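Listed here are the chains, written in short residue letters.
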Amino acid sequence: MRALTTVVAAAVLLLSPAMAAQKDKRAPAPAPALEFKRSEQVLKWINEYRRAPAPSKLPEVVHAMGDLGLFRELDQAGVYIGFTAGVIGSNPDQAEKLVAGMFPMPPEDQVVLIRAIAYSGLPNWKELLQKFVERMPARMVLLRKYLYGDGKTLAELPVDAYVLDTLWGYYFATGATEPVKRIVGTLAWSLDQNDVEKLTIGSMAKWTLATNASREKELLDILADEMNTQPIEVRKPLREVIEAAETFETGKIRKDALAAVEELKTKGSLNSRNYAWWGQAGQTALALGCVGAAAGGLVVAGIPCVVGGALSSAALKYFAPGP
């Protein structure tokens, strides 16, 4: 009996290295760490995310965004906030783990996380946010606003340039139709002849829908479906968006948008008031045109942008009425 035990033990020892080697062959290799040295690399990853979703990488990407200073100007960080919100919202079973993985996080970047959780669309987003209150003591005023005050979700925010960027970010994370529908809904503003803010936002929506749809059939299909449901004042510019995307003639949309904004700013007694408005709001209004197009892999010639936002002073000069 003792001899048999010895033989069995020896056999196990001989087999163990082979079994371990076989196990190692079956085990998947660990995914390489992501490395982002430029904001363009982050946008490229965001744009390609839906081809192979990797929600577990979100904390790593958010840290990279912070390290690159992409949260420094919150009004121009909408696409990053929206993307973070979309990944959290589309992975409810992993939401708490994803948020926990983002800590430690500098207090100044925690504003982004708070907004992302609120914008996620999760029915229990307040409960999720409550779990991380103790980790964000420097943000108690903002936390109280969202937990007990008038802090709004993405669906409750009125559409402006920041919200449009955020809607694009949410779409890049999820491919959901709802953010696209809200963007499409602003196309009627691209025909507005009385309000330079609405005209600008509507024009930027029109431009980015066309440029992104020209590179993505799924988005183009969503726009085609919207032709059957949108009111007539939206269908006309939407038809132009679809045509521009299908023919890759998005430059005309940009040219028409510039001409429309120029005309409204210089028309009659509205000139001084509208240009004064542009000087104040231009700091963020161009973020959509730059970020939305850049995230779709486009470099738009002629408009002075930095990837991830607008170079506001140069953009303001570019759109200013000529002498």
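Residues numbered from 1 in each chain as written. Predicted model: local features only at pLDDT ≥ 70, side-chain atom pairs only at ≥ 80, totals over all residues. Heavy atoms only, no water.

Visitor: Help me get a handle on the nonpolar core, residues and values and all.
Guide: Of all hydrophobic cores here, the largest spans 79 residues; its most connected members are Tyr80, Phe83 and Ile88. The element best represented in this core is helix H9 (residues 161-174), accounting for 9 residues. (Core = buried A, V, L, I, M, F, W, Y, C linked by side-chain atoms within 4.5 Å. Buried < 20%, exposed > 50% of the residue type's maximum accessible area, 1.4 Å probe, protein only. Helix = DSSP H or I, 4+ residues; strand = E, 2+ residues; numbered from the N terminus.)

Visitor: I'd like a rundown of the packing of helix H4 (residues 78-89) against H9, residues and numbers included.
Guide: At their nearest, the axes of H4 and H9 sit 6 Å apart, and the two run at 40° to each other. Looking at the two axes, H4 sits oblique to H9. The hand of the H4/H9 crossing is right-handed. When H4 is examined against H9, the residues Gly78, Val79, Ile81, Gly82, Phe83, Ala85, Gly86, Val87 and Gly89 are found in contact with a partner set consisting of Tyr162, Asp165, Thr166, Gly169, Tyr170, Phe172, Ala173 and Thr174. When its residues are assigned to classes, the contact of H4 with H9 shows 9 nonpolar, 7 polar and 1 charged. (Axes fitted to C-alpha atoms, helices over the stretch in contact; angles between N-to-C directions. Parallel < 35°, antiparallel > 145°, perpendicular 65-115°, else oblique. Left-handed = near helix turned anticlockwise from the far one by under 90°. Contact = heavy atoms within 4.5 Å. Nonpolar A, V, L, I, M, F, W, Y, C, P; charged D, E, K, R; others polar.)

Visitor: Describe unusual backbone geometry, with residues and values.
Guide: Of note, the bond from Phe103 into Pro104 is cis; its omega dihedral lies within 30 degrees of zero at 0°. Secondary-structure assignment places Pro104 in the loop between helix H5 (95-100) and helix H6 (110-119). Even without being glycine, Phe248 reaches a positive phi, approximately 60°. On the basis of relative accessibility, which here comes to 59%, the residue Phe248 falls in the exposed class.

Visitor: Can you explain the packing of helix H10 (residues 177-185) against helix H12 (residues 217-226)? Please cite residues and give values.
Guide: Running from amino to carboxyl end, H10 crosses H12 at an angle of 60°, the nearest separation of the two axes being 11 Å. Of the possible angle classes, the one that applies to H10 and H12 is oblique. Judged by the sense of rotation from one axis to the other, the crossing of H10 with H12 is right-handed. Contacts from Thr177, Val180, Lys181 and Val184 of H10 reach H12 at Leu219, Ile222, Leu223 and Glu226. Partitioning the contact of H10 with H12 into residue classes produces 5 nonpolar, 1 polar and 2 charged.

Visitor: Which residues make up the packing of aromatic side chains, and what values go with them?
Guide: Applying the stated criterion across every chain, the model contains 8 aromatic pairs. Between Phe103 and Phe132, the ring centres sit 5.7 Å apart and the planes meet at 5°, which makes this aromatic pair stacked. With Phe103 in the loop between H5 and H6 and Phe132 in the loop between helix H7 (125-130) and helix H8 (140-148), the pair connects residues that are 29 residues apart, well separated along the chain. Each member of the pair Phe103 and Phe132 is classed as buried. Among the aromatic residues, those joined into a cluster by ring pairs are Trp45, Tyr49 and Phe83. Lying over the aromatic face of Tyr171, Arg50 brings its terminal NZ or CZ to 4.6 Å of the ring centre. (Phe/Tyr/Trp six-rings, centres within 6.5 Å; stacked < 30°, edge-to-face > 60°. Lys NZ or Arg CZ within 6 Å of the ring centre and 35° of its normal.)

Visitor: Tell me about H8, residues and numbers included.
Guide: If you check which residues of H8 are buried, you get Leu143, Tyr146 and Leu147. Projected down its long axis, H8 shows its buried positions confined to an angular sector of 95°, all on one face. What points out from H8, more than 90 degrees from its buried face, is the exposed set Val141 and Tyr148. Packing partners of the buried residues in H8 comprise H6 and H7. (Arc of directions from axis to C-beta.)

Visitor: Residue-level account of the environment of Phe103, with values.
Guide: Classification of Phe103 as buried rests on a relative accessible area of 13%. In the structure, Phe103 is positioned 32 residues away from Arg135 in sequence and 8.1 Å away in space, judged by C-alpha atoms. If near-sequence neighbours (up to four positions away) are discounted, Phe103 is found in contact with His63, Gln110, Leu113, Phe132, Arg135 and Met136.

Visitor: Give me H9: which residues, what numbers.
Guide: Its 14 residues place the ends of H9 20 Å apart at the C-alpha level, agreeing with the 20 Å of an ideal helix rising 1.5 Å per residue. Where burial is concerned, most of H9 is hidden: 13 out of the 14 residues are buried. Just beyond H9, the residue with positive phi is Gly175, at close to 70°. (Expected span 1.5 Å × (residues − 1).)

Visitor: Just give me the short version of the environment of Ser214, but keep the residues and values in it.
Guide: Tracing the backbone shows Ser214 in the loop between helix H11 (196-213) and H12. Taking relative accessible area as the criterion, Ser214 reaches 14% and is therefore assigned buried. Here the alpha-carbon distance between Ser214 and Ala245, two residues 31 residues apart in the chain, equals 4.1 Å. In this structure Ser214 touches Ala245 and Phe248, once residues within four positions along its chain are discounted. A polar atom in the side chain of Ser214 sits 2.6 Å from the backbone oxygen of Thr211. (Polar contact = N/O pair within 3.5 Å; in protein donor to acceptor, adjacent residues only side chain to side chain.)

Visitor: How would you explain a negative patch on the surface if you had to name every residue and give the values?
Guide: A cluster of like negative charges, contributed by Glu73, Asp75, Asp160 and Glu197, occupies part of the molecular surface. Tracing the backbone through its elements, the reader meets Glu73 in the loop between helix H3 (58-67) and H4. On the accessibility criterion, Glu73 (53% relative accessible area) is exposed. (Patch = residues over 30% accessible without salt bridge, like charges linked within 9 Å, V, L, I, M, F, W, Y side chains within 5 Å. Areas by Shrake-Rupley, 256 points an atom, 1.4 Å probe, with all protein chains shown as cover. Salt bridge = Lys/Arg side-chain N within 4 Å of Asp/Glu carboxyl O. Lys, Arg positive; Asp, Glu negative; His and termini not counted. Charge placed at Lys NZ, Arg CZ, Asp CG, Glu CD.)

Visitor: Lay out the environment of Asp109 with the relevant residues and their values.
Guide: Here Asp109 lies in the loop between H5 and H6. Along the backbone, Asp109 and Arg72 are 37 residues apart, and their C-alpha atoms lie at a distance of 8.1 Å. Contact partners of Asp109, with chain neighbours within four places excluded, come to Gly66 and Phe71.

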